[in-house]
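Here's the letter readout for the chains.
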Amino acid sequence: MTEKLSEASIQRYQRDGYIVPDTRLPAATMARLQAAVDETIDANPEIRPEHLVSAHIDRKNDEGVRGHSAWLELARDPRILDLVEQLIGPDIILWGCQVFCKPAGDGMEVPMHQDGHYWPIRPLATCTAWVAIDHSTVENGCLRVVPGSHAGEHYYQHAKSDRENLVLNQHVDDPSADLDNAVDVELEPGQFSLHDVYIIHGSNPNTSGKRRAGVAIRYMPATSHFNRELYATSDGSGYLVNFASRPLWLLRGADQAGNDLKIGHTA
Ligand SMILES: O=C(O)CCC(=O)C(=O)O
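Note that the coordinates shown come from a computational prediction; the quantities given were computed from them, not determined experimentally.

(A) Representation of the overall build of the protein chain within the structure. Along its length, the protein chain carries four helices and 17 strands. For the protein chain, the C-alpha radius of gyration of 17 Å lies close to 18 Å, the compact-globule estimate for 267 residues. Its C-alpha atoms put the protein chain at 45 × 40 × 40 Å along the principal axes. Within the protein chain, the fraction of its 267 residues that count as buried is 57%. For the protein chain, the share of sequence-separated contacts (at least 6 apart) that also reach a separation of at least 24 residues comes to 81%. Accessible surface for the protein chain amounts to roughly 11500 Å². Of this, 49% is attributable to carbon and sulfur atoms. Charge separation in the protein chain, taken as the distance between the mean sites of 24 positive and 37 negative side-chain charges, equals 3 Å.

Pasting the structure below:
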């Protein structure tokens with residue numbers, strides 16, 4: 001059954017830049033996804049489990065990660081897509097997906113940042129569904145967001161950091177950013193949040209005894225263009241991404257912006 005977002009929820013997304021819908025993925029789905037996290041990690045022993053970029057590509061992808069079919073299947077899940085559609089419209093392209101698994105004890109911090117600095121999407125637009133695979137709590141480093149920081153599509157100044165135990169080497173370094181207002185988005189397995197590309201977000205290290213795995217699925221409206229020439233490859237965030245050959249999946253509606261939907265697909 002599709003969840004119909006109330007007008008108040010849609011307004012909250014527009015005002016705060018994120019929402020947590022009521023929908024929960026069922027236990028059977030979560031058991032499969034929990035196994036998929038383990039399998040994805042086992043297939044990529046040389047990669048930190050917070051860095052499993054494009055994990056939805058079911059082969060060794062051009063970013064060096066061996067993906068798993070479960071993530072593409074999840075990205076296609078109508079329970080998620082129906083909600084995304086109510087926020088970004090009927091034409092939807094899946095362009096990214098990253099498993100962020102913070103192991104117990106030494107899970108890395110994601111510094112507070114805005115997405116999109118190195119994303120080749122014009123006009124820049126994306127709704128990220130962050131799906132909790134494990135319990136995601138304050139204790140094990142849940143997602144944190146600064147409500148309203150997406151407003152006005154403003155880019156806050158970022159600075160580079162060369163600390164090693166960070167998932168990203170960029171953090172917001174701007175006196176006008178209200179980082180003290182960050183809120184924790186605690187989720188149970190199967191719950192997910194939806195957040196706007198401009199929102200400031202991040203997460204604390206996981207020093208607890210409990211793993212925190214989540215997967216971020218990136219959807220853009222097919223009225224935007226994924227411009228592969230803008231940033232063909234980038235390590236601007238501290239690890240390699242390859243936008244030149246990143247496959248796009250038109251999941252709903254029609255492409256309205258001349259996107260190349262063939263590149264990167266093997267079959
Ligand atoms: O999983 C996290 O803690 C961070 C996720 C994130 O930065 C994102 O979804 O863009």
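(B) Structural context of helix 4 (residues 78-88). Within helix 4, the full set of buried residues consists of Ile80, Leu81, Asp82, Leu83, Val84 and Leu87. One side-chain oxygen at the N-terminal end of helix 4 lies 2.8 Å from the backbone nitrogen of arginine 79; it belongs to aspartate 77. Glycine 89 lies just past helix 4 and shows a positive phi near 100°.

The rules behind these values
- Residues numbered from 1 in each chain as written.
- Predicted model: local features only at pLDDT ≥ 70, side-chain atom pairs only at ≥ 80, totals over all residues.
- Heavy atoms only, no water.
- Helix = DSSP H or I, 4+ residues; strand = E, 2+ residues; numbered from the N terminus.
- Rg over C-alpha atoms; globule rule 2.2 N^0.38 Å.
- Buried < 20%, exposed > 50% of the residue type's maximum accessible area, 1.4 Å probe, protein only.
- Contact = heavy atoms within 4.5 Å.
- Areas by Shrake-Rupley, 256 points an atom, 1.4 Å probe, with all protein chains shown as cover.
- Lys, Arg positive; Asp, Glu negative; His and termini not counted.
- Charge placed at Lys NZ, Arg CZ, Asp CG, Glu CD.
- Polar contact = N/O pair within 3.5 Å; in protein donor to acceptor, adjacent residues only side chain to side chain.

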